[in-house]
Amino acid sequence: RLPAEAIRDSLLFLSGRLDSKPFGPSVPTYLTGFMQGRGRPRGGPADGAGRRSVYLSVRRNFLSPFMLAFDTPSPFNAVGRRTTSNVPSQSLILMNDPFVLGQADLWAKRLRSQASDSETRVRRLYQAAFARSPSAVEVEASLAFLASQAKLHNASEDHDLPWRDLVHAVINAKEFIFLN
């Protein structure tokens, strides 16, 4: 499985939000409403201003839930080797985290601006997400999913909402975070 930093940076890159500028100050961690306590720092934006994960600040009592879910080492001790887990909280983070939802929305808008027909967009989506072309069955399933989501949202298949849902589904595929 990819490390937390690689997953986060991939989402930023694919959405077009990655700020690859080197150096500079760290970005404060996005603080959820549940992250309370003494010494609570000022929170940063959900996407960390597009900065790579290496620039996220680390506060011992206010660690990023996204990064923790994907086994970022705790700053309390020295760690010789990272653990690699496969737990339900990872799926829940990919389904519900404001950062992931925001990047899915941006990536969908980016896809829609790059091509005018749905099949080309689906092919670009798979190429970007999985570094491979989709099979005929995957293209057909994706187009059917777009149609069902458009009906659910009472919108056209070319609307942002069905595309955001498709991109979000692709982000939640095992193939997105695992190398084979």
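Residues numbered from 1 in each chain as written. Predicted model: local features only at pLDDT ≥ 70, side-chain atom pairs only at ≥ 80, totals over all residues. Heavy atoms only, no water.

## Quick notes on the packing of aromatic side chains
We describe a pair of aromatic rings using the distance from one ring centre to the other and the angle between the two ring planes. Tallied over the full model, the rule gives 4 aromatic pairs. Judged by centre distance (5.3 Å) and plane angle (50 degrees), the ring pair of Phe66 and Phe70 falls under tilted. According to the relative accessible area criterion, Phe66 is buried, its value standing at 4%. On the accessibility criterion, Phe70 (1% relative accessible area) is buried. Note on Phe66 and Phe99: the rings are 5.6 Å apart at their centroids and 75 degrees apart in plane angle, and the pair reads as edge-to-face. Of this pair, Phe66 sits in helix H2 (residues 65-69) while Phe99 is found in helix H4 (residues 98-114), placing the two residues 33 residues apart along the sequence. You can call Phe99 buried: its relative accessible area is 5%. Cluster of aromatic residues (ring-pair linked, three or more members): Phe66, Phe70 and Phe99. One cation-aromatic arrangement involves Arg8 over Phe99; the distance from NZ or CZ to the ring centre is 5.4 Å. Stacked on the ring of Tyr55, the Lys or Arg Arg51 has its end atom at 4.0 Å from the ring centre. (Phe/Tyr/Trp six-rings, centres within 6.5 Å; stacked < 30°, edge-to-face > 60°. Buried < 20%, exposed > 50% of the residue type's maximum accessible area, 1.4 Å probe, protein only. Helix = DSSP H or I, 4+ residues; strand = E, 2+ residues; numbered from the N terminus. Lys NZ or Arg CZ within 6 Å of the ring centre and 35° of its normal.)

## What to know about the nonpolar core
One finds Leu11, Phe66, Phe70, Trp107, Val167, Ile171 and Phe176 to be the most contacted residues of the largest nonpolar core, which totals 34 residues. Among the elements that line this core, the one with the most residues is H4, at 6 residues. In this view, Ile171 contacts Leu11, Leu94, Val100, Ala104, Trp107 and Phe176; residues no more than four positions away in its chain are not counted. (Core = buried A, V, L, I, M, F, W, Y, C linked by side-chain atoms within 4.5 Å. Contact = heavy atoms within 4.5 Å.)

## Some thoughts on H4
Between the first and last C-alpha of H4 there are 24 Å, a value that for 17 residues agrees with the 24 Å anticipated at 1.5 Å per step. Those residues of H4 lying buried are Phe99, Val100, Gln103, Ala104, Trp107, Ala108 and Leu111. Taken end-on, H4 shows its buried residues confined to a sector of 160 degrees, consistent with a single buried face. Tucked inside the fold, the buried residues of H4 contact helix H1 (4-15), H2, helix H3 (88-96), helix H5 (118-130), helix H7 (160-171) and helix H8 (174-177). You can read the cap of H4 off the contacts: a side-chain oxygen lies 3.1 Å from the backbone nitrogen of Phe99, and it is on Asp97. (Expected span 1.5 Å × (residues − 1). Arc of directions from axis to C-beta. Polar contact = N/O pair within 3.5 Å; in protein donor to acceptor, adjacent residues only side chain to side chain.)

## A closer look at the environment of Trp107
Inspection of the secondary structure assignment puts Trp107 in helix H4. Trp107 sits 36 residues away from Leu143 along the chain, and the two C-alpha atoms are 17 Å apart. Apart from the residues within four sequence positions on either side, Trp107 is in contact with Leu14, Ser15, Leu125, Ala128, Ala129, Val167, Ile171 and Phe176.

Spatial relationships are all this shows, so hold off on functional conclusions.
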